[in-house]
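Summary of structural features
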2 protein chains.
Amino acid sequence: MTIKEVCEKFDITPDTLRYYERVGVIPEVHRTKGGIRDYTDEDVAWVENAICMRNAGVSVEMLAEYVRLFQLGDSTFQARRDILAEAREEIQKQLDKYQVTMDRLNYKISKYDVALKTGVLSWDDCEEE
Amino acid sequence: MTIKEVCEKFDITPDTLRYYERVGVIPEVHRTKGGIRDYTDEDVAWVENAICMRNAGVSVEMLAEYVRLFQLGDSTFQARRDILAEAREEIQKQLDKYQVTMDRLNYKISKYDVALKTGVLSWDDCEEE
DNA sequence: CTACAACTTGGAGTTAACTCTAAGTCAAGA
DNA sequence: TCTTGACTTAGAGTTAACTCCAAGTTGTAG
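Residues numbered from 1 in each chain as written. Chains lettered and ligands numbered in written order. Predicted model: local features only at pLDDT ≥ 70, side-chain atom pairs only at ≥ 80, totals over all residues. Heavy atoms only, no water.

Some thoughts on the interface of chain B and chain A
Opposite the 46 residues of chain B that make contact, chain A presents 46 residues. Across the interface of chain B and chain A, roughly 4400 Å² is buried in total on both sides, 68% from carbon and sulfur atoms. Considering only the surface of chain B that becomes buried against chain A, Phe77, Tyr98 and Glu128 of chain B emerge as the three largest contributors, covering 16% of it. The interface formed by chain B and chain A includes four salt bridges. The salt bridge involving Arg81 of chain A is made with Asp113 of chain B; its shortest N-O contact spans 2.6 Å. Summed over the shared surface of chain B and chain A, the result is 17 residue pairs in polar contact (both at pLDDT 80 or more). For the side of chain B that touches chain A, the secondary structure elements donating two or more residues are helix H3 (41-55), helix H4 (60-72) and helix H5 (77-118) of chain B. The leading source of residues in the side of chain B that touches chain A is H5 of chain B, at 27 residues. Taken together, the residues of the side of chain B that touches chain A break down into 23 nonpolar, ten polar and 13 charged. (Contact = heavy atoms within 4.5 Å. Buried area = accessible area lost by both parts, 1.4 Å probe. Salt bridge = Lys/Arg side-chain N within 4 Å of Asp/Glu carboxyl O. Polar contact = N/O pair within 3.5 Å; in protein donor to acceptor, adjacent residues only side chain to side chain. Helix = DSSP H or I, 4+ residues; strand = E, 2+ residues; numbered from the N terminus. Nonpolar A, V, L, I, M, F, W, Y, C, P; charged D, E, K, R; others polar.)

Written out as structure tokens, the structure is:
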């Protein structure tokens, strides 16, 4: 699979893919004799994983550390599990914050919906307006 | 309320608070005669709102636009509602992504838990390892 | 009144994560 | 073989959101 095909599959740029490889967010990708990247299914799976993790804000640094440990072999199971657990905690915290913000936004939007009918915007509790 | 007190209340730095004011993420804060910031309850409510929105990744630019419209008065109800709705959509998308990543992480971690007992790490489906 | 810590400003510096540029290499069609 | 477009690298540039700095001002404790 060429870099272009992988880019189209995941809607990212070649620059980002090469960057991910360079900083170790994914392992080194298989190449043709000429030195052109030729992604195997495994390479693509690593890309998919990286994008999924990045979508949830997992840092490039953490992903690279995971890949580094992965390449060290089976003796790093515990360390890898620890990283994943750390990522999960961060994501859960983020999820909670997002939920709080969603609640606040829903409340505010409902107030604006009333305001657009009555012409008056009013908050029940401690809001800024 | 002094800038220090507000910082302690929300666990942020004075630099961040001044930055928020400078770029319009919050309206101009009340001052003492000497020019020192003296946050009113309303100022503090704006800060709280800004932090909540930033926690969910709402951009500084979007928050500043909301404040700008707010200061233009009641004729901007619709525009303000639109911004909030846009923010809500972005947050919902992000929430969905986070959930997908959480599911993947939970799956991987459970595999590592098995591996730590059996010494063998195996994926049922299309994973990278 | 005098220290002196905490505040002020404008502007420069930092960080993470890309994103772009230049100069060169590879490969498929005429 | 030649052309042309996609690929390669190293390294520089960009962006958002802070974060720090220098130089000066305010206000409180002694």
